[in-house]
Amino acid sequence: MVEYYDLCIHSRPECTDSPERLKLVSNRYGFTNIAITNHSTYWQPLESMDIISGIELVAKSAQMLRNLINIYRDKVTILVVHGGDERINRVACSDSRVDVLIHPESGTSNGLNHTLAKFAKRNDVAIGFSIDYLWRHRGYYRSKLLSLQRKNFSICRKFALKIVLTSGALSLYDLKAPREVEALSRFIGMDGTESESALSTIPRNILNKRLKGVKSGKELL
Amino acid sequence: MKVLPPTLRDNVRYVAFEVISDEIINAKDIKNEILSATTSLLGDVGLTNLGIELISFAGQKGLLRCRHSRTEDVRSVLATIFSVKRYRLSVRVLGVSGTLAGAKEKYLQTEKRSKHNTSFNITRPISGKATRIHDSEIDIVTDDNKVIDRSDVGLVGITIHDNKELK
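Below, the structure is looked at part by part.

The rules we used
Residues numbered from 1 in each chain as written. Chains lettered and ligands numbered in written order. Predicted model: local features only at pLDDT ≥ 70, side-chain atom pairs only at ≥ 80, totals over all residues. Heavy atoms only, no water. Helix = DSSP H or I, 4+ residues; strand = E, 2+ residues; numbered from the N terminus. Contact = heavy atoms within 4.5 Å. Buried < 20%, exposed > 50% of the residue type's maximum accessible area, 1.4 Å probe, protein only. Pairing = 2+ DSSP bridges. Phe/Tyr/Trp six-rings, centres within 6.5 Å; stacked < 30°, edge-to-face > 60°. Disulfide = S-S within 2.5 Å. Arc of directions from axis to C-beta. Core = buried A, V, L, I, M, F, W, Y, C linked by side-chain atoms within 4.5 Å. Axes fitted to C-alpha atoms, helices over the stretch in contact; angles between N-to-C directions. Parallel < 35°, antiparallel > 145°, perpendicular 65-115°, else oblique. Nonpolar A, V, L, I, M, F, W, Y, C, P; charged D, E, K, R; others polar. Buried area = accessible area lost by both parts, 1.4 Å probe. Polar contact = N/O pair within 3.5 Å; in protein donor to acceptor, adjacent residues only side chain to side chain. 1 Å grid on protein atoms, 1.4 Å probe; cavity = no way out; pocket = protein on both sides within 12 Å on 5 of 7 lines; lining within 4 Å. Points joined across faces, edges and corners; volume = space filled by probe spheres on them.

1. Describing the environment of L50(B)
Residue and element names in this part refer to chain B. The residue L50 is located in helix α1 (residues 27-50) in this model. For the pair L50 and S69, spaced 19 residues apart in sequence, the C-alpha to C-alpha distance is 8.5 Å. Excluding residues within four positions of it along the chain, L50 makes contact with T38, L42, C66, R67, R70, D73, V74 and V77.

Next comes the structure, spelled out in structure tokens:
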């Protein structure tokens, strides 16, 4: 049986629902586990040990992002960077301590090019595709974001980058079952195998890498 | 008019779905919302290709008919439904079946979940009034408007594990 993971979900205190409730609902939908990645301005350590701890770093400058990575890298399992700004995307792709660069696209630009793709490949940074805009918006804005994500996906495919699919949920109503996420990812251009590995194998490998790091750290001590 | 022979009829699939919402939704509203979401995502031609039709909707569960090759499109359309009459909701596909009887038997059997309304104040993990309890899940109406605005929902969801007093 395939194990599915959603690596970018927001909970209390940033949003309404508690991590426990989100885990319960996501398990019902077929996810093995979820990572709670609240934005760095609202971040608090998780009480539950069953849920994967994470953070989504929001920075206004490259230096600020570097400082935030230094502060939070050892505190969480999954470190996600809130993309959009070109300078932020560049720093995120150039730092091997970053796990996922989420939504590198912004309103007008897709935020990813061949140079950043090479950096991301070298530093093993995954590119996150958050598809919450597909139900949050309709019309021109949705089609614009979809076209930017398609562009990014074609770059990721060309450079064989790791891709992570996420619902980017802000509440339990935003949680979508893996089959639904896979169905929606077809609009970005993903085929069945790509979307399945973006929800299962790749997140699992990222988790293995980080959890292994924690274990070896303990052994050294 | 005579009914078409089976070889000339469209192959259909029946999609069973469940609505998770703040408030009880009626069949007419959900039907309109499905049609609106389909035309918005796939356009009028897409709506025709899907051959989508709401067969039944009762309680929180419903049944749709569509062309047999278009079930993935139906999944996408249902996933893009955001709200009905300002009430936030989420639609989950329970399963797909080739026959009406099969779909009803497999997916639309009523679950015996102890779901009831309640009213008591709560302070942890967020202050507010608990309104619904189903199994270990509790829905709360809170005064914290900032959190409500950020998530764009009406109720706050917690479990009994979030508050030791509730266990």
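2. Describing the pairing of strand β7 (residues 128-134) of chain B
All names here are of chain B. Burial of β7 is extensive: 5 of the 7 residues sit out of reach of the surface. As paired strands, β7 and strand β8 (residues 137-142) are joined by 6 bridges and run antiparallel to one another. Counted as the bridge partner of R132 is D139 from β8. Counting the residues in the hairpin turn of β7 and β8 gives 2 residues, including D135, whose phi is positive at 55 degrees.

3. Observations regarding the packing of aromatic side chains
All names here are of chain A. One pass over the full model with this rule turns up 3 aromatic pairs over all chains. A ring pair is formed by W43 and Y72, whose centres lie 5.2 Å apart and whose planes are at 75 degrees; its orientation type is edge-to-face. Taken as a pair, W43 in the loop between β2 (31-39) and β3 (52-57) and Y72 in helix α2 (residues 62-72) lie far apart in primary sequence, 29 residues in all. Pair check on accessibility: W43 and Y72 agree, each one buried. Taken together, a centroid distance of 6.3 Å and an interplanar angle of 75 degrees make the contact between F129 and F153 edge-to-face.

4. A word on the state of the cysteines
What makes a disulfide is a covalent bond joining the sulfur atoms belonging to two cysteines. Residues and elements named next belong to chain A. Evaluated as defined, the whole model comprises 0 disulfides over all chains. Here C93 stays unpaired: no disulfide links it, and the sulfur of C156, its closest cysteine neighbor, is 9.1 Å away. Residue C156 is classed as buried on the basis of its relative accessible area of 1%.

5. Focus: α2(A)
Residue and element names in this part refer to chain A. Along α2, the residues classified as buried are L65, L68, I69 and Y72. Taken around the axis of α2, the buried residues stretch over an arc of 100 degrees, which confines them to a single face. Each element contacted by the buried residues of α2 is listed here: β3, β4 (78-82) and α3 (86-94).

6. Looking at the nonpolar core
In this structure, L79(A), F129(A), F17(B), I30(B), I34(B), L64(B) and L78(B) are the most contacted members of the largest nonpolar core, which totals 84 residues. Looking at this core element by element, the count peaks at 6 residues for helix α6 (residues 140-158) of chain A. Setting aside its immediate chain neighbours within four residues, L78(B) contacts V15(B), F17(B), I34(B), L64(B), V91(B) and V93(B). Core analysis: the next-biggest nonpolar cluster, separate from the first, contains 14 residues, C8(A), V80(A), A126(A) and I202(A) among them.

7. Focus: the packing of α3(A) against helix α4 (residues 114-123) of chain A
Residue and element names in this part refer to chain A. The geometry of α3 relative to α4 is characterised by a closest axis approach of 7 Å and an angle of 30 degrees between their N-to-C directions. It follows that α3 is roughly parallel to α4 by the angle criterion. Together, N89, R90, C93 and S94 of α3 and T115, L116, F119, A120 and N123 of α4 make up the contact between the two elements. Of the residues in the contact of α3 with α4, the class split is 4 nonpolar, 4 polar and 1 charged.

8. Focus on the interface of chain B and chain A
Taken together, the contacts link 45 residues of chain B with 31 residues of chain A. Summing the contributions of chain B and of chain A, the shared interface buries around 3,300 Å²; its carbon and sulfur component is 47%. Of all residues in chain B, R75(B), R92(B) and R150(B) bury the most surface against chain A, accounting for 17% of the area lost on that side. There are 21 residue pairs in polar contact (both at pLDDT 80 or more) connecting chain B and chain A. When residues of the side of chain B that touches chain A are traced back to their parent elements, those giving at least two are β1 (12-21), α1, α2 (71-79), β5 (87-97), β7, β8, α4 (145-151) and β9 (156-159) of chain B. Considering only residue class, the side of chain B that touches chain A consists of 19 nonpolar, 12 polar and 14 charged.

9. Observations regarding the pairing of β3(A)
All names here are of chain A. Buried residues dominate β3, accounting for 6 of its 6 residues. Of the two faces of β3, the one holding I52, G54 and E56 and the one holding S53, I55 and L57 are both buried throughout. Where β2 lies against β3, 5 bridges are found, and the strand directions are parallel. Across the sheet, residue A35 finds its bridge partner in β3, namely I52.

10. Let's talk about empty space enclosed by the protein
Counted under the stated rule, the structure contains 1 cavity of 30 Å³ or more. If you add up the space inside the largest cavity, you get close to 30 Å³. Lining the largest cavity, in full, are Y29(A), L175(A), K176(A), A177(A), E180(A), S90(B), V91(B) and R92(B). Broken down by element, the residue count for the lining of the largest cavity peaks at 3 residues, all from β5(B). In terms of residue class, the lining of the largest cavity is built from 4 nonpolar, 1 polar and 3 charged.

11. Structural notes on the sheet that holds strand β5 (residues 100-102) of chain A
Residues and elements named next belong to chain A. Strand order in the open sheet formed by 7 strands is β1-β2-β3-β4-β5-β6-β7, with parallel pairing between adjacent strands. Either end of the sheet is taken by a strand with one partner, and the two such strands are β1 (4-9) and β7 (163-166). Adjacent strand axes in the sheet meet at a mean angle of 25 degrees, parallel and antiparallel pairs treated alike. Here β1 runs beside β2; their pairing, made up of 4 bridges, is parallel. The residue of β2 that forms the bridge with D6 is I34. Packing of α6 onto the sheet brings it into contact with β6 (126-130) and β7, and relative to β6 it is tilted by some 155 degrees.

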